[in-house]
Amino acid sequence: MRAFKAVVAGAGLAGATAARLLAEKGIRTLVVEKLRHVAGHCHDYRNEAGITIHTYGPHIFHTTDKAVWEFVQRFSSFRNYQHRVLSYAEGQFFTFPINADTINQAFGLTLPVQETAAFLAEQAAKASVPQPPRNFRDAIVAQVGERLYSLFFEHYTRKQWGRDPSLLSDELASRIPVRANRDDRYFADPYQGIPEHGYTAMVEAMLDHPLISVMLGADWFELKEDLDPDLTVYTGLLDRMFDFRHGRLEYRSLDLVFRTLDMERYQPAAVVNYPNDYDWTRITEFKYFLDEKSPRTTICIEYPKPEGEPFYIVPDQNNTERRARYMEEAARLEATGRWLFIGRLAEYRYYNMDQVISAAMKKLAARC
Ligand code: UDP
């Protein structure tokens, strides 16, 4: 196994990016992946109805980082796709994230757009939230007031995270913009799209390099004693790497229920959020992403749960403190020059796909 100067544990986006960058530096790299497929949680495939399904729930690529965008373009063409989401509340569909139209609809108003910011400020002032806000609840209420918070965020967040929103980090709120204009896109990033042939094909193309070998269905933890590389890039669970010595980090999971229906169109947007009244948080209709034509359609209903495949880190105080202890250990290993921890699981960060790639680029540039 000395033939490999670098070993990458995990063939998701973090592992594939790291492997590619290493190979392009002339470093022979082995990627070890426990699953029987590459692409980690952005894995996708075409189903019997001719629709591209995201195996682990909806993934929309978006970035403000030109270098990341240029990097992914090397491995796939992208369909220009602007993600739009509706929120189904009180028996109606609302534009979401909140914009000027959402506000008019929710309050039964016809405010001109230039009055939206002042209206929101008034709503927020009525709520009187400590400044600066120190948790998710306060961070949202400070922007939109109590009514919109309870209509769109409070119950969704409780379902998704299984705890009161006041126990979650204020940073979570920065994922969701509040707009005083009529932009109805989920993301305002300049670069957005879906890989035309899927994320799996994109990751396969990243790994397709003469200096990269991929072992599927092999657990790095079982092989590591037999490997002796100069560099190991670890993309698995942060706490597992250190035998859970500071206690277990929490992860949230989802039951993803897929249904293929004999109808052309199920819902009026690619994703509909269900903040209240239902056990699920959202439903995705996949054919929107690549504008796939089929007389049938496939949807995915997401039911959050505490156990199972680790999809989300949990941004609360306990986990943040525990993470800090593990990250100190990771930093000590990284300081030897022989280890890198990259990705959502290994850094225990709520990264988007582009942030994973950017983290891999930065860490590899600093190392090689
Ligand atoms: N959120 C919410 N209502 C919504 C959408 C999101 O309260 O309609 C909150 C919820 O806490 C969620 C977080 O914002 O977990 C981040 O949402 P995002 O859509 O970014 O979640 P992801 O796509 O990563 O599951």
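Residues numbered from 1 in each chain as written. Predicted model: local features only at pLDDT ≥ 70, side-chain atom pairs only at ≥ 80, totals over all residues. Heavy atoms only, no water.

A look at helix H1 (residues 13-24)
At 3.6 residues per turn, the α-helix brings residues three or four places apart onto the same side. Over its 12 residues, H1 extends 16 Å from the first C-alpha to the last, a length consistent with the 16 Å expected when each residue adds 1.5 Å. Taken across its 12 residues, H1 has 11 buried, putting it largely inside the fold. Just downstream of H1 lies Gly26, where phi reads positive at about 85 degrees. (Helix = DSSP H or I, 4+ residues; strand = E, 2+ residues; numbered from the N terminus. Expected span 1.5 Å × (residues − 1). Buried < 20%, exposed > 50% of the residue type's maximum accessible area, 1.4 Å probe, protein only.)

Regarding the sheet that holds strand S1 (residues 6-9)
Strand order across the open sheet formed by 5 strands is S10-S2-S1-S11-S17, with parallel pairing between neighbours. Looking at strand neighbours, the two that pair on one side only are strand S10 (212-216) and strand S17 (339-341), the edges of this open sheet. On average, each strand axis in the sheet is inclined to that of its neighbour by 15 degrees, with strand direction left out of account. Of the strand pairs in this sheet, S1 and strand S2 (residues 29-33) are connected by 4 bridges, and their pairing is parallel. When the bridges of S2 are listed, Val7 appears paired with Leu30. (Pairing = 2+ DSSP bridges. Axes fitted to C-alpha atoms, helices over the stretch in contact; angles between N-to-C directions.)

Points about the state of the cysteines
Each disulfide consists of one covalent bond between the sulfur atoms belonging to two cysteines. Within this structure, the stated rule accounts for 0 disulfides. Its sulfur unpaired, Cys42 is 15 Å from the next cysteine sulfur, which belongs to Cys300. Looking at Cys300, the relative accessible area reads 0%, which means it is buried. (Disulfide = S-S within 2.5 Å.)

So, unusual backbone geometry
What you tend to see is this: most non-glycine residues have negative phi, and most peptide bonds are trans. Phe96 connects to Pro97 through a cis peptide bond whose omega is 5 degrees. As for its placement among the helices and strands, Pro97 is situated in the loop between strand S8 (92-96) and helix H3 (100-107). With an omega of -10 degrees, the peptide bond running from Gln131 to Pro132 counts as cis. For Pro132, the location among the structural elements is in the loop between helix H4 (116-127) and helix H5 (136-161). The phi dihedral of Asp291 is positive, around 55 degrees, even though this residue is not glycine.

Focus: the site of the ligand
Close to the ligand lie 16 residues, the nearest being Thr157, Arg175, Tyr186, Tyr312 and Tyr350. Interatomic distance of 3.0 Å between a backbone N/O atom of Phe152 and a nitrogen atom of the ligand. Residue Tyr186 places a side-chain N or O atom 2.6 Å away from an oxygen atom belonging to the ligand. When isolated, the ligand has an accessible area of 530 Å², and the protein chains bury 94% of it. In terms of residue count, the dominant contributor to the shell around the ligand is H5 (7 residues). When grouped by side-chain class, the residues that make up the shell around the ligand number 11 nonpolar, 3 polar and 2 charged. (Near = heavy atom within 4 Å. Polar contact = N/O pair within 3.5 Å; in protein donor to acceptor, adjacent residues only side chain to side chain. Areas by Shrake-Rupley, 256 points an atom, 1.4 Å probe, with all protein chains shown as cover. Nonpolar A, V, L, I, M, F, W, Y, C, P; charged D, E, K, R; others polar.)

Concerning the environment of Tyr303
Structurally, the position occupied by Tyr303 is in strand S15 (residues 297-305). Separated by 50 residues in sequence, Tyr303 and Met353 place their C-alpha atoms 22 Å apart. The contact partners of Tyr303, leaving out residues within four places of it in the chain, are Ser253, Leu254, Asp255, Val257, Asp279 and Trp280. (Contact = heavy atoms within 4.5 Å.)

Thoughts on the nonpolar core
Formed by 86 residues in total, the largest nonpolar core has its most connected members in Leu13, Phe61, Phe152, Phe153, Leu207 and Ile342. Sorting elements by how many residues they give to this core places H5 first, with 11 residues. Non-local contacts of Ile342, meaning those with residues more than four positions away in its chain, are made with Ala14, Ala18, Val233, Tyr234, Thr235, Glu347, Val356, Ala359, Ala360, Lys363 and Leu364. Phe4, Phe221, Phe242 and Met327 belong to the second largest nonpolar core, which has 26 residues in total. (Core = buried A, V, L, I, M, F, W, Y, C linked by side-chain atoms within 4.5 Å.)

What about the packing of aromatic side chains?
What the rule picks out here adds up to 33 aromatic pairs. For the ring pair Tyr88 and Tyr274, a centre distance of 5.7 Å and an interplane angle of 55 degrees mean the geometry is tilted. In this pair, Tyr88 sits in strand S7 (residues 85-89) while Tyr274 sits in the loop between strand S13 (271-273) and strand S14 (282-285), placing the two residues 186 residues apart along the sequence. In this structure Tyr88 comes out as partly exposed when scored by relative accessible area, which is 22%. Classification of Tyr274 as buried rests on a relative accessible area of 9%. (Phe/Tyr/Trp six-rings, centres within 6.5 Å; stacked < 30°, edge-to-face > 60°.)

Side note on the packing of H1 against helix H6 (residues 199-207)
Their axes nearest at 8 Å, the elements H1 and H6 cross at an angle of 30 degrees. By the angle between their directions, the pair H1 and H6 is classed as roughly parallel. Considering how the two elements wind past one another, H1 and H6 form a crossing that is left-handed. Residues Leu13, Ala16, Thr17, Ala19 and Arg20 of H1 touch H6, and the partners they reach there are Met202, Val203, Ala205, Met206 and Leu207. (Parallel < 35°, antiparallel > 145°, perpendicular 65-115°, else oblique. Left-handed = near helix turned anticlockwise from the far one by under 90°.)

Some points on the pairing of strand S12 (residues 251-261)
As defined by bridge partners, S12 adjoins strand S16 (residues 312-313) across 2 bridges and the pair is classed as antiparallel. What sits directly across from Tyr251, in S16, is Ile313. The pairing of S12 with S15 spans 9 bridges and is antiparallel. Across the sheet, residue Leu254 finds its bridge partner in S15, namely Pro304.

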